[in-house]
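# Coordinates in review
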Amino acid sequence: MQPDQRLEKGHASHQEPGSEIVTLIPALRAFARTFCRNATDADDLVQETLTKALAKIEQFEPGTSLKSWLFTIMRNTFYTQAKLARREAPGASDCASTRLRVDATQEWSTRGRELRDAIQRLQPQHREIIVLVGVLGLSYEEAGAICGCALGTVKSRLSRARLRLLEELDERSTSSCIERTETFPTESLPKTASG
């Protein structure tokens, strides 16, 4: 391989994480919204995450999940900021200026808000898992890597989060009952020719 080819190849591989980061911005914004109720704060968290990631891009290990790496940076950044904010601004969560002024008129918008609020009321580890797996569609393994916990813990937290969301939303549909693992009498099922 000639030196020019090695330089070009090295340059192309150096550009890959940067271009992949750009494609992950929508997922980062969605994940940030699970931490921040305010869209501006969520965008600030994404910007802080990207700034830290780009400053330390040489620490990213090629062959591993860039998405998981960025989500871990975001999670750690959020928790660090939350610790600092708790010390600096007590009572900010009760501020009247952060409350919504007008209720939505569409049913879907109302249900969306109810779901968002129900997710916000979950314990932090349950909220994080439900967003990673349920909203962003990550695998259990990826979610476990981001949260720093075992696969069984991810499944357990996800199950508890789903059950708690059903309770919060007062869901009583058939599919909700199945998810709650309630048993149904088998006598009510139609009999087949073989049984």
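Calculation notes
- All chains use their own residue numbering, which begins from 1 and follows the written sequence.
- The predicted nature of this model means local features are confined to residues of pLDDT at least 70 and side-chain atom pairs, given and counted, to a pLDDT of 80 or more, with totals for whole chains, interfaces and linings taken over all residues.
- The side-chain numbers reported here are obtained from all heavy atoms of the structure, hydrogens and water having been left aside.
- UniProt positions are given in the numbering used here, feature names are shortened, and annotations may be inferred rather than shown by experiment.
- Take the buried residues of types Ala, Val, Leu, Ile, Met, Phe, Trp, Tyr and Cys, join any two whose side-chain atoms come within 4.5 Å, and each joined set is a nonpolar core.
- When accessible area is computed with a 1.4 Å probe and restricted to protein chains, residues below 20% of their type maximum are described as buried, those above 50% as exposed, and intermediate ones as partly exposed.
- Helical segments are the DSSP runs of H or I of at least four residues, strand segments are the runs of E of at least two, and each set is numbered from the N terminus.
- Residue ranges for the domains originate in an automatic or database domain assignment.
- A pair is scored as a salt bridge if a Lys or Arg side-chain nitrogen falls within 4 Å of a carboxyl oxygen belonging to Asp or Glu.
- Any two cysteine sulfur atoms lying within 2.5 Å of each other are counted as a disulfide.

As named in an unreviewed UniProt entry, the chain is RNA polymerase sigma-70 factor (ECF subfamily), taken from Chelatococcus composti. The record held by UniProt for the chain lists under Sequence similarities (unreviewed entry) the comment "Belongs to the sigma-70 factor family. ECF subfamily."

## Section: the nonpolar core
The nonpolar side chains of a soluble globular protein tend to be buried, and buried together. Grouped together as the largest cluster of nonpolar side chains are 41 residues, with contacts concentrated most on Phe31, Trp69, Leu70, Phe71, Met74, Ile130 and Leu132. Elements with a minimum of two residues in this core: α1 (3-35), α2 (39-55), α3 (66-88), α4 (107-121), α5 (124-135), α6 (140-147) and α7 (151-169). Counting the residues that make up this core, at least three belong to each of domain 1 (19-82) and domain 2 (109-180).

## Notes on the pattern of salt bridges
Inspection of every chain in the model, using the stated rule, returns seven salt bridges. With a closest N to O distance of 2.9 Å, Arg29 and Asp43 form a salt bridge. Here Arg29 is found in helix α1, whereas its partner Asp43 is found in helix α2, with 14 residues between them in sequence. Given a relative accessible area of 33%, Asp43 falls into the partly exposed group.

## Comments concerning the state of the cysteines
Enumeration according to the criterion identifies zero disulfides in this entry. Cys149 takes part in no disulfide bond, and the closest cysteine sulfur, belonging to Cys147, lies 5.1 Å away. Taking relative accessible area as the criterion, Cys149 reaches 19% and is therefore assigned buried.

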